[in-house]
Amino acid sequence: MTIGIRGMGLIGGSFEKAFAAAGHEVLDLKGASKDEISRCELVIVCLPPLMVAPWIIEHAGDFAAGALVTDAAGVKGVVCAALEKTVKGASWTYVGGHPMAGKERSGYANSDATLYRGASMIFTPFAGTPEQVIERLKEIFAEIGFARFVVTTPAHHDEMIAYTSQLAHVVSSAYVRDPLARTHLGFSAGSYQDMTRVATVDPDIWTDLFLANKNGLESVLSRLIDRLNGYLAALRADDAAALRGLLAEGRATKNAVK
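Now for a description of the structure that goes with this document. (Residues numbered from 1 in each chain as written. Predicted model: local features only at pLDDT ≥ 70, side-chain atom pairs only at ≥ 80, totals over all residues. Heavy atoms only, no water.)

## Looking at helix 4 (residues 77-87)
Defined as follows: Summary of the burial criterion: residues with accessible area below 20% of their type's maximum are buried, those above 50% are exposed, and those between are partly exposed, where the area comes from a 1.4 Å probe applied to protein chains only. Secondary structure elements are taken from DSSP: a helix is a run of H or I of four residues or more, a strand is a run of E of two residues or more, and numbering for both begins at the N terminus. The arc refers to the directions leading from the helix axis to the C-beta atoms. Residue contacts follow a heavy-atom distance rule, with two residues in contact if any of their heavy atoms lie within 4.5 Å.
The complete set of buried residues in helix 4 reads V79, C80, L83 and V87. The arc that holds every buried residue of helix 4, seen down its axis, measures 80°, which confines them to one face. In helix 4, the exposed positions angled more than 90 degrees off the buried face are occupied by A81 and K85. Among the structural elements, helix 3 (49-58), strand 4 (68-71), strand 5 (93-94), strand 7 (120-124) and helix 6 (154-176) are those in contact with the buried residues of helix 4.

Laid out in structure tokens, this is it:
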């Protein structure tokens, strides 16, 4: 099939390489003509989140009848809300998408045809989207290695991503900003590397992601701060029983949700 990709950074570039390796024709849609866009059976928009809907709206008349259009934005609420009127009654179908894969380094130079092997792909269809459309998307994305598919609402997607992804980036960034980080060599091993791995992300992209999901991120960040204050209070009180209880609860939770 012919697949068009708009946005050739880490994610879009990895889609390009993966689908080309799977035998599909892949077109870079940057500056593409209407004729080029209309050739695509699948269009994947891999632009920053606030640019996704405007690009799709601009090219709404260029997509072929029956084409599938999706995106890779890390937030879905603002994107889907902005597109709802445009896609209603269109001859093509839009389904929100979010590949759960990435690297600490962005840009096409870091893209990789194997990036999506074993990864999850999340879809956030509008109500009434035909089930066969979702199944077709699953088939297509399974070809490049996606091993798990989740179908949910934009609101639930954003709530979960605030916890599983965005909160981790906030914590990593805050953690590495401690003055002791500058002299950690010789004192750090796996725990330090795990905690700081995602602190090198693109500040512009992640600022947009955080603000686009402000309510979801604020909620999980507030809950984390409350929990951290529990550890701090136990330390200040020399309360070994309280500390032991907090650590035991964390261990039990982790073991229960592997």
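## Quick word on the packing of aromatic side chains
Where we set the bar: Two aromatic rings from Phe, Tyr or Trp, using only the six-membered ring of Trp, form a pair when their centres are within 6.5 Å; if the ring planes differ by under 30 degrees the pair is stacked, by over 60 it is edge-to-face, and anything between is tilted. Comment: the charge-over-ring label is applied if NZ (Lys) or CZ (Arg) is within 6 Å of the ring centre and within 35 degrees of the ring normal.
What the rule picks out here adds up to 15 aromatic pairs. Measuring from centroid to centroid gives 4.9 Å for Y116 and F146, while their planes differ by 20°, and the two rings are stacked. Residue Y116 is located in the loop between strand 6 (96-100) and strand 7, and its partner F146 is located in the loop between helix 5 (131-142) and strand 8 (148-151); the two are separated by 30 residues in the primary sequence. By relative accessible area, Y116 is classed as buried at 0%. Taking relative accessible area as the criterion, F146 reaches 4% and is therefore assigned buried. Taking the centre distance of 6.1 Å and the plane angle of 5° together, the rings of F123 and F149 count as stacked. Taken together, the residues F123 in strand 7 and F149 in strand 8 connect sequence positions 26 residues apart. The class of F123 is buried, set by a relative accessible area of 0%. Of the aromatic side chains, those joined through ring pairs into one cluster are F15, F19, Y116, F123, F141, F146 and F149. Here the basic side chain of K17 rests over the ring of Y108, its NZ or CZ set 4.6 Å away from the ring centre.

## Thoughts on the sheet that holds strand 3 (residues 42-45)
In plain terms, the rule: When DSSP finds at least two bridges between two strands, those strands are taken to pair. A fitted line through C-alpha atoms serves as each axis, taken over the contacting stretch for helices, and the angle formed by two N-to-C directions is quoted from 0 to 180°.
The strand order across the open sheet formed by five strands is 2-1-3-4-5, and the pairing between neighbours is parallel. Where the open sheet ends on each side, the last strands, each with one partner, are strand 2 (25-28) and strand 5. With four bridges joining them, strand 1 (residues 2-6) and strand 3 adopt parallel strand pairing. Bridge pairing links R6 to V45 in strand 3. Packed onto the sheet, helix 1 (residues 10-21) meets strand 1, strand 2 and strand 3 and runs at close to 165° relative to strand 1. Each of strand 3, strand 4 and strand 5 touches helix 5; the most contacted strand, strand 4, lies at about 65° to it.

## Details of the side chain of S172
On the secondary structure map, S172 appears in helix 6. On the accessibility criterion, S172 (1% relative accessible area) is buried. In contact with S172, not counting residues within four places along its chain, are M195, T196, R197, V198 and A199.

## Observations regarding the pattern of salt bridges
Put simply, the rule reads: Salt bridges are identified by distance alone: a Lys or Arg side-chain nitrogen within 4 Å of an Asp or Glu carboxyl oxygen.
In this structure the tally under the stated criterion is five salt bridges. Here R39 ties to E25 by a salt bridge, and the two come within 2.6 Å at their closest N and O atoms. Here E25 lies in strand 2 and R39 lies in the loop between helix 2 (34-38) and strand 3, a separation of 14 residues in the sequence. Of the charged contacts, one joins E135 and K138 as a salt bridge, the two residues approaching to 3.4 Å between their closest N and O atoms. Residue E135 and its partner K138 are both found in helix 5; the two are separated by three residues, about one turn of the helix. Assessed through its relative accessible area of 33%, E135 is described here as partly exposed. By relative accessible area, which is 21% here, K138 ends up partly exposed.

## Describing unusual backbone geometry
It is generally the case that most residues other than glycine have a negative phi and that most peptide bonds are trans. If you check the backbone angles, D238 has positive phi at about 50° while not being a glycine. By secondary structure assignment, the location of D238 is in the loop between helix 9 (214-236) and helix 10 (240-256). A relative accessible area of 71% places D238 in the exposed class.

Treat this as a map of the structure, not an account of what it does.
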